[in-house]
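# Geometric and topological summary
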2 protein chains.
Amino acid sequence: MAKNFVSREEDYSKWYNDLIVKADLAEHSEVRGCMVIKPYGYAIWEKIQGALDKMFKDTGHSNAYFPLFVPKSLFEAEEKNAEGFAKECAVVTHYRLKTDENNKGKLMVDPMAKLEEELIVRPTSEAIIWKTYRNWIQSYRDLPILINQWANVVRWEMRTRLFLRTTEFLWQEGHTAHATKVEALEETEKMLNIYADFAENWMSMPVIKGFKTASERFAGAEETYCIEALMQDGKALQAGTSHFLGQNFAKAFDVKFHNKEGIQEYVWATSWGVSTRLMGALVMTHSDDNGLVLPPLLAPIQVVIIPIYKNDEQLASISIVANKIKEVLDKKGISVKYDDRDTQKPGWKFNEYEFKGVPLRMAVGPRDIENNTIEVARRDTLQKEVISIDSIAEYTEKTLGAIQQNLFEKAKTFRTNHTYQANSYEEFKLLLDKGGFIYAHWDGTTETEEKIKEETKATIRCIPSNNKKEEGKCIYSGKPSTQKVIFARAY
Amino acid sequence: MAKNFVSREEDYSKWYNDLIVKADLAEHSEVRGCMVIKPYGYAIWEKIQGALDKMFKDTGHSNAYFPLFVPKSLFEAEEKNAEGFAKECAVVTHYRLKTDENNKGKLMVDPMAKLEEELIVRPTSEAIIWKTYRNWIQSYRDLPILINQWANVVRWEMRTRLFLRTTEFLWQEGHTAHATKVEALEETEKMLNIYADFAENWMSMPVIKGFKTASERFAGAEETYCIEALMQDGKALQAGTSHFLGQNFAKAFDVKFHNKEGIQEYVWATSWGVSTRLMGALVMTHSDDNGLVLPPLLAPIQVVIIPIYKNDEQLASISIVANKIKEVLDKKGISVKYDDRDTQKPGWKFNEYEFKGVPLRMAVGPRDIENNTIEVARRDTLQKEVISIDSIAEYTEKTLGAIQQNLFEKAKTFRTNHTYQANSYEEFKLLLDKGGFIYAHWDGTTETEEKIKEETKATIRCIPSNNKKEEGKCIYSGKPSTQKVIFARAY
C-alpha cells in the first residue's frame, strides 16, 4: 500500500500528493487541472456534506439549484466581481459538434452553432442568483431569503494541486437576502461561526476566526470573514469564507423591496462557502508518515476488525465473535468493517487500514476467543491494548470520542507551538522560515501589505475577530498601528 | 396561490407548467433552456436522492465524482456514443475573459486564451469514466467496479420544458465494470428493478419494465432497459434507463483485465441513470386541478397543522395542543409544519397547502380543544374527518400509508383504463388519439417503426420484460410478428 511513501520531512509536497493518490482519495484526471474524487475520498466528502447540510438546515436555510452557466452580460453586471473572476473563466461559445469531413471518425466544433452570447461556466453564482432574486423580492415579507446550493464550480487555475486548488471543484455556496444591514451582518457572522464549529468539532481542526484585509476580500464583498487553519508544514490555509456583500449585488441587479413603511430600498446580501479544499485541510492537519489520520466523525470506516487465523475452523469461530461485535457496534451507529478476505494477509490489512486512517483497528485471533478479549490499536497514537469483549461497545464509543478530541488537542498544540510574535521586520523574516502564524503590527495600508507579500510571500491571513487593540509600530513602515494582524505563507 | 390556474382538460400543457411554477417547484432561468430548482422543488429532489442513494449503497455501489469536462478526443473515442450526443454539446473553447477596450465596463472573450483542445460539457460521462477506469483495472481482482455519480449534465435542447427536458439537468449516473457478460447483464437488470421499485413504492407511480428497440437505444449501448410510465394526458414518459454497454467502451478506451486464467479480456460495462425528469413524472402522475398531489414518502411536509382562532387567547390554547401533536408525530419520523403565522387567514393557508400537495392537513379550533378532536383532510381524496387527538399518532401513520397506496392504485387504474390492444393500423390510429399505451404487433424492423413514428408520432416505448410470445401480423406491414410491443406518444 504505502510503498515508496515519503515522509513529511523529506518532501512535504510529495508526501501530500502521494497520500491523496495512494489512500484512494483522489487523482488527477485527463482534463487539465480537474480531479477524479475516488469512492473513499468521496465518502469523506459525503460526511462533510451531511454534517454541514444539517447545520445549515437547523439554522433555517434551504437548498436550491441554479444554472451552471452565466450569460456574459449577467456575469459582468457587478463590476468588481466580474473583474475578480474574468481571468479564470471557462467560456462556452458553441452548442454543437459536427463530423470533421477531413478527418474520418473525428468531430469538430460546428462553426454554425456559435452562441450569440457566450456562457460563463460559473466560478461562483452571485450573478445568476441575484438576477433570479430580483423576481422573488418585492416586499419585506419576501425577506429574508436563506438559500444554499451544493454545486460544482470552475475557476481556470494555472497551478493545480489535488483538493487544494483545482479547476473544477465541489462546494456549497449560501446566498442570502435581507432587509437590513444589521441582519445581513448577523448572518455573515452566524455562518462563519458554523464553519468554525464544523472545523473544530467535526474535522478536529482548530481555526482562527477573523476578517480579511481589503486586498484579500472576495471580489464584490464589503467584508470577508474567514476561518484560517495552520497546516503541518507551517503554511496557513483559508478553510471557509463568509462575505457581507452590502448592497453591491442588489444595485447591480436592481433588487429592491418595499419596507414596512412602504419605502423602496436595496436588499442586503451575504454569501458563504466551503469546498472540497476542506479535504486537503483535513489531510494536512492530521495525517502522518504512516498515512492518513481521520477524525472518527468523518471516517467512512470507524472501526475495522481483522481476523488472525491459521485454518478455516479458526476463521469460523473468529467470524462468529467478529460479527457479533460488528452487530453491537452497528447498533450504536458506529460504522464497522469486518475484513475477512482470504486474498490478503493480516499484516497487509494492518498496513492498509493504517494507511487509510481508520481510527480503530481490532484484531481477533484464536487466543482472544479463548480469553474473550480483543486487541485494539488506535490510529492517532498507534497504541495497542487488549480489552475484554464484554466492554466493547462502551470502550469503542469512549475511545472514538477520545481520538476525536486528541486530534483536536494535538493540532491545537501544534498551532500554539507555531504561533509567533514579530517585533521587527528582521525577526518577522526569520520566523517566516520556521513556518507558522506570525502576529505583527501593520500600518493598515494595502501598499505595505503588498510590499511584504512581494518580499516574503507572506500574506495577512486575517485580522482576528475580537482582536486585542494595542498601540505599536508597523514592522515594515514603522508607522503607527492599533493592532497586530496574522501573517503567514499560505496555500 | 392558485389564481388563474387552468384545469388539465382546458390546457394540459399550461396546467403542468403553471403548476410547477406556482407551486414553487422550479422556474425558467435567464439561461436559455436551464431552470432554477426552487427550495420546495429541491426538497422533493433531495428526498428522491436520499431514497435512491440508499438503494444504490445497499446493493454495493459507492459514489464518486468525475470531471464536468470531457476533452474532445476522449468524447469522440466511442463513435456511436459521440455521434449520438454531438449535436447537443455545449463546448468550452476559451479559458479567460478580458476587458473590452471598445466597450466600457464590458468583458469579451480573450482570443489569446483559446484552448488547444476543446472541452465538451458532459452530456453523459461514459467517456471520461472509462478513460479513468483504464488505469484502475488490470486484473479480475479489480472487478467489479460499482460506482455512481450525482451530477449535473448538459444537453443542448431546442425545445425545453421544466423538469422534462432542460438543457442542464441533475441526475445520477451509475457506471459499472465487470469481468463477464452475465454479470454485467445481471447488473443492468438489477438496477432496472431498483428503478421500478423506487417508482412504484416511493413515487406511487406504476411502471412497465422492458427494453428499447435498436433505434431507441442509448448511443453506445448493446441493450437499453427502461421503465415506462403513463401520464394523465395519455402520453408515456421514460422514467429511467439501464444500459448494457457490452464491451464497446472497453474497446474504445482499451480497458482489459487478466482473468483468473491469466488471459487478457475486455471489460464488460453497464450504465444507468434517472434524472430531475422524475420530478415532472411525479407531478404529472398524481396532481389534479387543485394543484400538486405528493406521495407522503416524497413530501417535504407530510402534515400541516393550521390553527383556527379569533383571538390570542384561543391561539395560545390551540398552540399548546398543536405543538404537542407535532412533537408526537416528529417522534414517529413524520415531518410536520405548524403554521401559526398571523399574516394569513386559515382559508388562504388551506388553499396554499392543498396547492402544494401536503398529504394531510389538520385544523384545530376552539371547539376541537373542548372536544379533544381535530379535523383532518386528505389531499388525495379531499375527504375530511374529525378524529380524537388521542389516536393522532396511529391515525396519521396509517393514513399516510393509505395515501401512498391509494395514489399508486389510482394511477394503476388509470393506466389499466388507458391500455389498449390494436389489431389494425386504423384501430391503432384511433386509439392513439384517446391517449394511452397501445399493444400491437410489429414486424421487428426499424423501417416499420420509423414509418409509424413519422405518420403518427407514436414510438415503441418498450418490449416488455417477460413479454408474452404470440404469433400475429404487424399492424403496419402485415408481416409476421412474434409478440406485441407497446406504442404510445411520449414526452
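Residues numbered from 1 in each chain as written. Chains lettered and ligands numbered in written order. Predicted model: local features only at pLDDT ≥ 70, side-chain atom pairs only at ≥ 80, totals over all residues.

Summing up its helical and strand segments, chain A has 14 helices and 26 strands in all. With respect to the three principal axes, the spread of C-alpha positions in chain A is 80 × 70 × 55 Å. Burial status across chain A gives 48% buried among its 491 residues. Long-range pairs, those at least 24 residues apart, make up 67% of the contacts in chain A with a sequence separation of at least 6. (Helix = DSSP H or I, 4+ residues; strand = E, 2+ residues; numbered from the N terminus. Buried ≥ 20, exposed ≤ 12 C-beta atoms within 10 Å, placed from the backbone. Contact = placed C-beta atoms within 7 Å.)

In sheet architecture, strand pairing relies on hydrogen bonds along the backbone and comes in two forms, parallel and antiparallel. All names here are of chain B. The five strands lie next to each other as S18-S17-S19-S20-S21, forming an open sheet whose pairing is mixed. Both edges of this open sheet fall to strand S18 (336-338) and strand S21 (384-388), since each of them pairs with a single strand only. Neighbour-to-neighbour, the strand axes of this sheet turn through a mean angle of 25 degrees, independent of strand direction. Across three bridges, the pairing between strand S17 (residues 303-307) and S18 is parallel. The residue bridging Ile305 from the neighbouring strand is Tyr338, located in S18. Helix H9 (residues 312-331) rests against S17, S18 and strand S19 (360-364) of the sheet, and its axis sits at about 170 degrees to S17. (Pairing = 2+ DSSP bridges. Axes fitted to C-alpha atoms, helices over the stretch in contact; angles between N-to-C directions.)

Here we take up the packing of helix H9 (residues 312-331) of chain A against helix H12 (residues 392-417) of chain A. Residue and element names in this part refer to chain A. Contact geometry of H9 with H12 gives a least axis separation of 10 Å together with a crossing angle of 55 degrees. The orientation of H9 relative to H12 falls into the category oblique. Handedness of the H9/H12 crossing: right-handed. Along its contact with H9, which presents Ile325, Val328 and Leu329, the element H12 presents Ile392, Ala393 and Thr396. Here the contact of H9 with H12 is composed, by residue class, of five nonpolar, one polar and no charged. (Parallel < 35°, antiparallel > 145°, perpendicular 65-115°, else oblique. Left-handed = near helix turned anticlockwise from the far one by under 90°. Nonpolar A, V, L, I, M, F, W, Y, C, P; charged D, E, K, R; others polar.)

Let us now look at the pairing of strand S22 (residues 419-422) of chain B. The side chains of a regular strand alternate between the sheet's two faces. As defined by bridge partners, S22 of chain B adjoins strand S23 (residues 437-441) of chain B across four bridges and the pair is classed as parallel. The partner of Tyr420 of chain B across the bridge, within S23 of chain B, is Ile438 of chain B.

Our next topic: the sheet that holds strand S8 (residues 114-121) of chain B. A sheet is described by the order of its strands in space; here six strands give the open sequence S4(A)-S8(A)-S5(A)-S5(B)-S8(B)-S4(B), paired in antiparallel fashion. Only two strands of the sheet have a single partner each, and these edge strands are strand S4 (69-71) of chain A together with strand S4 (69-71) of chain B. Sheet twist, expressed as the mean angle between neighbouring strand axes with direction ignored, is 45 degrees. In the sheet, strand S5 (residues 91-94) of chain A pairs with strand S8 (residues 114-121) of chain A via three bridges, with the strands oriented antiparallel. Among the inter-strand pairings, Val92 of chain A is bridged to a residue of S8 of chain A, identified as Leu119 of chain A.

Before going further, it helps to examine the pairing of S8 of chain B. Bridging between S4 of chain B and S8 of chain B involves three bridges; their strand directions are antiparallel. For Val70 of chain B, the partnering residue across the bridge sits in S8 of chain B and is Ile120 of chain B.

Here we come to the relation of the copies chain B and chain A. Superposing chain B onto chain A takes a rotation of 180 degrees plus a shift of 0.0 Å along the axis, which leaves an RMSD of 0.0 Å. On the angle and the small slide along the axis, the relation comes out as a two-fold axis. For chain B, the residue whose C-alpha comes nearest the rotation axis is Val92 of chain B, separated from it by 2.1 Å. A share of 100% of interface residues in chain B that are also interface residues in chain A marks the association as one of identical surfaces. (Least-squares fit on C-alpha atoms with pLDDT ≥ 70 in both.)

How large an interface is tends to be reported as the accessible area lost when its parts come together. Across the boundary between the two partners, chain B contributes 53 residues, which contact 53 residues of chain A. The residue makeup of the side of chain B that touches chain A, split by class, is 32 nonpolar, eight polar and 13 charged. Sheet topology places S5 of chain A next to strand S5 (residues 91-94) of chain B; three bridges connect them, and they run antiparallel. Across the sheet, residue Val91 of chain A finds its bridge partner in S5 of chain B, namely His94 of chain B.

Following Leu143 of chain A, the chain continues into Pro144 of chain A via a peptide bond in cis, with omega recorded as -5 degrees. Summarising the element assignment, Pro144 of chain A is placed in the loop between helix H5 (126-136) and strand S9 (145-154). Despite not being glycine, Leu382 of chain A shows a phi value in the positive range, around 65 degrees. Of note, Leu382 of chain A is situated in the loop between strand S20 (373-378) and strand S21 (384-388). What makes Leu382 of chain A exposed here is the crowd of 11 C-beta atoms within 10 Å. If you check the backbone angles, Asn466 of chain B has positive phi at about 55 degrees while not being a glycine. Mapped onto the secondary structure, Asn466 of chain B falls in the loop between strand S24 (459-464) and strand S25 (469-473). With 6 C-beta atoms counted inside 10 Å, the residue Asn466 of chain B sits in the exposed group.

Further remarks concern the environment of Tyr309 of chain A. All names here are of chain A. In this structure, Tyr309 sits in the loop between strand S17 (303-307) and H9. A sequence separation of 61 residues divides Tyr309 from Glu370, and the C-alpha atoms of the two residues are 13 Å apart. Those residues in contact with Tyr309, other than ones at most four positions away along the chain, are Gln314, Leu315, Ile318 and Pro366.

Here chain A is partitioned into domain 1 (12-57 + 133-286), domain 2 (301-402) and domain 3 (419-488). Computed from C-alpha coordinates alone, the two centres of domain 1 of chain A and domain 2 of chain A are separated by 38 Å. (Domains from an automatic or database assignment.)

The next thing to look at is helix H13 (residues 425-434) of chain A. Residue and element names in this part refer to chain A. Residues Phe428, Leu431 and Leu432 constitute the buried set of H13. In an axial view of H13, the angular spread of the buried residues amounts to 110 degrees, which keeps them on one side of the axis. Opposite the packed face of H13, turned more than 90 degrees from it, sit the exposed residues Glu426, Leu430, Asp433 and Lys434. Against the buried residues of H13 lie strand S22 (419-422), strand S23 (437-441) and helix H14 (446-456). At the exit of H13 stands Gly435, carrying a positive phi of roughly 85 degrees. (Arc of directions from axis to C-beta.)

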